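Here is how the chains run, residue by residue.
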Amino acid sequence: MRQKIIFKINNQNLYEDLILIDDIYPVLFTCVDDLENTYLCSCYFTDPSKTLWIVTKTEPECVIELLNNKVTIRELFKSDELWVICKSKNEEIQVKRIENCKNFDQNAFPAEGEYMDADTGEFEKEISILKKRI
């Protein structure tokens, strides 16, 4: 059974999946669509009026590499399939494809050189779930 729908991209519902970094709200998390595609989402701005996420389509293998500290968070957002999503306080959601990530606000992307810094076994459950999707 799918979790709740978080976003809609390219006429595909994106469902809440694995929360990797959590604060008052999920900061870095994955979503899956009805076709079992994986997306990585990062919240990069929030204030009382709106919340902004950057979203990239990825593969379970790439997320596993992230959780094993083999790639940086930012490396997974170096993709041709990027979107920015804005959710206003009145729940209106706007989705915009990022056509050229080099011309997009670089502060939206995770910091250069930032790894998950996961302890051994910290993401064992998440990695197990992702391996079943490969």
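Just so it is clear, the structure is predicted and the values come from calculations on it, not from any experiment.

Can you help me understand the pairing of strand S1 (residues 5-9) in this one?
Here is the key point about a regular strand: its side chains alternate between the two faces of the sheet. For S1 and strand S2 (residues 12-22), the ladder comprises 4 bridges, and the chain directions are antiparallel. The residue bridging Lys8 from the neighbouring strand is Asn13, located in S2. Connecting S1 to the antiparallel partner S2 that follows it, the hairpin turn spans 2 residues, and Asn10 within it adopts a positive phi of roughly 50°.

How should helix H1 (residues 60-67) be read in this particular structure?
What H1 keeps buried is the set Pro60, Val63, Ile64, Leu66 and Leu67. Down the axis of H1, the buried side of the element spans an arc of 155°, and every buried residue falls inside it. Buried positions along H1 lie against S2, strand S3 (26-32), strand S4 (38-47), strand S5 (50-58), helix H2 (73-76) and helix H3 (124-132). Where H1 terminates, the next one or two residues include Asn69, which has phi positive at roughly 60°.

I keep staring at the pattern of salt bridges and nothing clicks. Help me out?
A side chain with one charge may pair with a side chain of the opposite charge, provided their charged atoms come close. In the structure shown here, the tally under the stated rule is 3 salt bridges. Residues Asp17 and Arg133 are paired through a salt bridge, measuring 2.7 Å at the closest nitrogen-oxygen approach. Of the two residues, Asp17 is situated in strand S2 and Arg133 in the segment after H3; the sequence distance between them amounts to 116 residues. Given the relative accessible area of 19%, Asp17 is considered buried. Arg133 sits in the partly exposed class, given a relative accessible area of 27%. In this structure, Glu91 engages Lys87 in a salt bridge whose closest nitrogen and oxygen atoms are separated by 3.0 Å. For Glu91, a relative accessible area of 52% puts it in the exposed group.

Rules of the game
Per chain, the residues get numbers from 1 upward, laid out in the order the sequence is written. With the structure being a predicted model, the display of local features is reserved for residues of pLDDT at least 70 and the display and counting of side-chain atom pairs for 80 or more, all residues being used for whole-chain, interface and lining totals. Excluding hydrogens and water, the side-chain values take into account all heavy atoms of the structure. Strands qualify as paired when DSSP identifies two bridges or more between them. Helix and strand labels come from DSSP, where a helix needs a run of H or I of at least four residues and a strand needs a run of E of at least two; each type is numbered from the N terminus. Exposure categories follow from relative accessible area, calculated using a 1.4 Å probe and restricted to protein chains: below 20% of the type maximum is buried, above 50% is exposed, and the middle band is partly exposed. The directions considered for the arc run from the helix axis to the C-beta atoms. By the convention used here, residues are in contact when the closest approach between their heavy atoms is within 4.5 Å. Any carboxyl oxygen of Asp or Glu that lies within 4 Å of a side-chain nitrogen of Lys or Arg is treated as forming a salt bridge with it.

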